[in-house]
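Residue strings, one per chain:
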Amino acid sequence: MLVRFSKMHGLGNDFMVIDAVAQRVRLTPETVKRLADRHTGVGFDQLLLVEPPSRPDMDFRYRIFNADGSEVEHCGNGARCFARFVRERRLTVKQEIQVETAKGSAVLKVLQDRQIQVDMGVPILQPVEIPFAAERQAEVYSLEVEGTSYDVSAVSMGNPHCVLLVDDVAQAPVKQLGRVIECHPRFPQRVNVGFMQILSPDRVKLRVFERGVGETRACGTGACAAVVAGRLRGLLDETVCVELPGGELQISWKGQGQPVLMTGPATTVYEGQIYL
Ligand SMILES: N[C@@H](CCC[C@H](N)C(=O)O)C(=O)O
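Keep in mind it's a predicted model, so treat the numbers as computed, not measured.

Caption draft 1: Spatial organisation of the packing of aromatic side chains. Under the criterion given, the structure shown has five aromatic pairs. With a centroid separation of 5.7 Å and an interplanar angle of 80 degrees, the aromatic rings of Phe60 and Phe82 are classed as edge-to-face. In this pair, Phe60 is assigned in strand S4 (residues 60-66) and Phe82 in helix H2 (residues 76-88), connecting sequence segments 22 residues apart. We note that Phe60, like Phe82, is buried. On the numbers, 4.8 Å between centres and 70 degrees between planes, the contact of Phe132 with Tyr141 is edge-to-face. On the basis of relative accessible area, Phe132 is assigned to the buried category, the value being 4%.

Caption draft 2: Inspection of the domain arrangement of the protein chain at higher detail. One can read the domain layout of the protein chain as domain 1 (2-111 + 265-275) and domain 2 (127-258). Computed from C-alpha coordinates alone, the two centres of domain 1 and domain 2 are separated by 24 Å. Contact residues are listed per partner, giving 19 residues for domain 1 and 22 residues for domain 2. Contact with domain 2 buries area across many residues of domain 1, yet Leu11, Glu73 and His74 alone supply 38% of it, more than any other trio. The tally of links from domain 1 across to domain 2 stands at two salt bridges. Asp68 serves as the salt-bridge partner of Arg190, at 3.1 Å between the closest nitrogen and oxygen. Linking domain 1 with domain 2 are seven residue pairs in polar contact (both at pLDDT 80 or more), by the criterion used here. Counting residues per element, the side of domain 1 that touches domain 2 draws most heavily on H2, at three residues. Of the residues that constitute the side of domain 1 that touches domain 2, the class distribution is five nonpolar, nine polar and five charged.

Caption draft 3: Representation of helix H3 (residues 174-182) in the model. For H3, the set of buried residues is Val174, Leu177, Gly178, Ile181 and Glu182. Each buried residue of H3 lies within a common arc of 135 degrees when the element is viewed along its axis, so the set occupies one face. Looking at the buried residues of H3, the elements they touch are strand S9 (141-145), strand S10 (148-156), strand S11 (160-165), strand S12 (192-200), strand S13 (203-210) and strand S14 (214-216).

About the cut-offs
- Residues numbered from 1 in each chain as written.
- Predicted model: local features only at pLDDT ≥ 70, side-chain atom pairs only at ≥ 80, totals over all residues.
- Heavy atoms only, no water.
- Phe/Tyr/Trp six-rings, centres within 6.5 Å; stacked < 30°, edge-to-face > 60°.
- Helix = DSSP H or I, 4+ residues; strand = E, 2+ residues; numbered from the N terminus.
- Buried < 20%, exposed > 50% of the residue type's maximum accessible area, 1.4 Å probe, protein only.
- Domains from an automatic or database assignment.
- Contact = heavy atoms within 4.5 Å.
- Buried area = accessible area lost by both parts, 1.4 Å probe.
- Salt bridge = Lys/Arg side-chain N within 4 Å of Asp/Glu carboxyl O.
- Polar contact = N/O pair within 3.5 Å; in protein donor to acceptor, adjacent residues only side chain to side chain.
- Nonpolar A, V, L, I, M, F, W, Y, C, P; charged D, E, K, R; others polar.
- Arc of directions from axis to C-beta.

Shown next, in the form of structure tokens:
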């Protein structure tokens, strides 16, 4: 089966994006893994599949697969690339797009300066829904990792995130500690692990070890989760610029019960065709 795709990225978090509205596509976790290989495949952090919606109030359904083949609930940088993709491929001319995701929906707005704003929904803080093993909801939890206790926040943006505060993100043990926390037994569906350095109430630096991928150059849901965690601890303003290794995202969150808004760019690198 010959399939047309676009290679895209959001601040260096890169994607293979496939239109499954106009073409027939069948994917298995093994196929995704093979395509994700940076030496022998296309190479990407996530594969995004654009499908027709199952609900009449939605424009599209969009599915996300990590490089390890696992299907996940949400992807912030992917959502912006998705919005750009459906307009470039003329699958829609709308500037505000409603999209169905594995755990709900999202609203994507194409802004004038080619930036895209995504309403990422209301963050989930109840441990059982994240999912995270804890007796009750708290702003900070103590997490035991290989004999050391870390203060962490647990937030779901549809997908699970664990956020740690660090003094210097450049020196943070992102790969070593990220890998261990990703599979910590208190996160039964594994977890994305963010390391946040607060520069001022409206600016942070963040590195994320992503579930099913490893450290990426940017993580949109990770940026949202970090700002939620910082705001819950009373350390951040309503709107925060998040500096990731690949560039900056603007994140706004008014507080409990309110949705998180994420604004940033989406870039198309090339279009290609591949036999699956
Ligand atoms: N890069 C993403 C998040 C992708 C999914 C994540 N690795 C997970 O397993 O939940 C983003 O920009 O949000």
